[in-house]
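Spelled out from the first residue to the last, the chains are:
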Amino acid sequence: MKINFEQLDKIYKKYNKRCFVHPDPLEFLYNYDDKRDIEIVGLIASSLAYGKVVQILKSIRNILSKLNPNPYEFILNNSEDYFANSFKGFKHRFTTEHDMVKLFSGIKAALELYGSLESCFISGFSNKDETYLPAMINFTKILNSNFENSKSYLLPSPENGSACKRLMLFLRWMIRNDEVDPGPWSDLDPSKLIYPLDTHMYQISSKFGFTKRKSADMKTALDITCEFRKFNLLDPVKYDFALTRFGIRDELTYSELFQCHKQVRIYAP
């Protein structure tokens, strides 16, 4: 099955809207105006975005209730002991209060050294880089500095070949700007983003012939991104939100997505 620009654009215009965001961790970012708060909330929300969506939203809401109204000030002005006391008893599937304390300590160290998560991320980026992969590796190494071997399930590094879906999702939120993605990191180029690859996007991309690979790993994510660049070189990840509403929201099924696809003249890109 092939899809073309006209079809993708139709799906984007119809479904890339705020009314389709809930239930999605992205919705928490809309509650903040300061970009320093938005990036911190985005990192927390994306890091905890695994498991059942009801529990994800509950866990994020729990953490943010301790940080309001200014997450940036909360992290910068408090100690690791204070974090430990604040998150005592927290658990989200594999993530414990100790994991959150280590992550927050890593965020604080990054803020003290670079001033913002954006500046921390940019410190590992070169304009010569085809994608943000080198910057991601550097970014996760800095933020995971308090974890054993600088590795964490909350913020995995692309070094190990994983698709790192939650990190890619965070970067989409930070770098893209439209009705859905807030894009506070306005100096960074969306053309270098990589698709947040999960089972939903893998199934859709396989159906459209964007990949023949059998595992949803980083190589597959790069393959899929390369295919979407044929439709939009400057903003290949543009279609991610709209496409992944299918199979996530109860009222939007894969069959409806493929029906949308059939309603427009089909040809190969």
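Quantities reported herein were computed from a predicted structural model and do not represent experimental measurements. (Residues numbered from 1 in each chain as written. Predicted model: local features only at pLDDT ≥ 70, side-chain atom pairs only at ≥ 80, totals over all residues. Heavy atoms only, no water.)

Chemist: Please set out the overall build of the chain residue by residue, giving values where relevant.
Modeler: A tally of helices and strands in the chain yields 13 helices and two strands. In summary, the chain has a C-alpha radius of gyration of 18 Å against a globular reference of 18 Å for 269 residues, a match within 12%. Along the three orthogonal principal directions, the C-alpha set of the chain runs to about 60 × 40 × 35 Å. Every one of the 269 residues in the chain was classed for burial, and the buried ones make up 56%. In the chain, the share of contacts with a sequence separation of at least 24, taken over all contacts with a separation of at least 6, comes to 66%. (Helix = DSSP H or I, 4+ residues; strand = E, 2+ residues; numbered from the N terminus. Rg over C-alpha atoms; globule rule 2.2 N^0.38 Å. Buried < 20%, exposed > 50% of the residue type's maximum accessible area, 1.4 Å probe, protein only. Contact = heavy atoms within 4.5 Å.)

Chemist: Kindly report on the pattern of salt bridges, identifying the contributing residues and their values.
Modeler: Taken as a whole and judged by the stated rule, the model has 14 salt bridges. D9 is the salt-bridge partner of K238, the closest N and O atoms lying 3.6 Å from each other. Residue K238 is found in the loop between α11 (218–229) and α12 (240–244), and its partner D9 is found in helix α1 (residues 5–15); the two are separated by 229 residues along the sequence. Across the pair, exposure class does not vary: K238 and D9 are buried alike. The closest approach of N and O atoms between K35 and E118, which form a salt bridge, is 2.7 Å. A residue pair is termed long-range when its members are at least 10 positions apart, and K35 in helix α2 (residues 35–47) and E118 in helix α7 (residues 117–122) qualify at 83 residues. (Salt bridge = Lys/Arg side-chain N within 4 Å of Asp/Glu carboxyl O.)

Chemist: So what about the nonpolar core? Which residues, and what values?
Modeler: Ranked by internal contacts, the top residues of the largest apolar core, which has 86 residues, are F87, F104, L117 and L243. Not counting residues up to four positions away in its chain, the partners in contact with F104 are I44, I63, L67, F74, I75, F83 and F87. (Core = buried A, V, L, I, M, F, W, Y, C linked by side-chain atoms within 4.5 Å.)

Chemist: Quick rundown of the packing of aromatic side chains? Include the residues and the values.
Modeler: By the definition in use, this model includes 23 aromatic pairs. Measuring from centroid to centroid gives 6.3 Å for Y12 and Y239, while their planes differ by 80°, and the two rings are edge-to-face. In this pair, Y12 is assigned in helix α1 and Y239 in the loop between α11 and α12, connecting sequence segments 227 residues apart. There is no split in this pair, since Y12 and Y239 are both buried. Pairing F139 with F170 gives two aromatic rings, centres 6.1 Å apart and planes at 10°, and the pair type is stacked. Taken together, the residues F139 in helix α8 (residues 133–143) and F170 in helix α9 (residues 165–175) connect sequence positions 31 residues apart. One aromatic cluster is present, built from ring pairs that chain together Y12, Y195, F208, F210, F228, F231 and Y239. (Phe/Tyr/Trp six-rings, centres within 6.5 Å; stacked < 30°, edge-to-face > 60°.)

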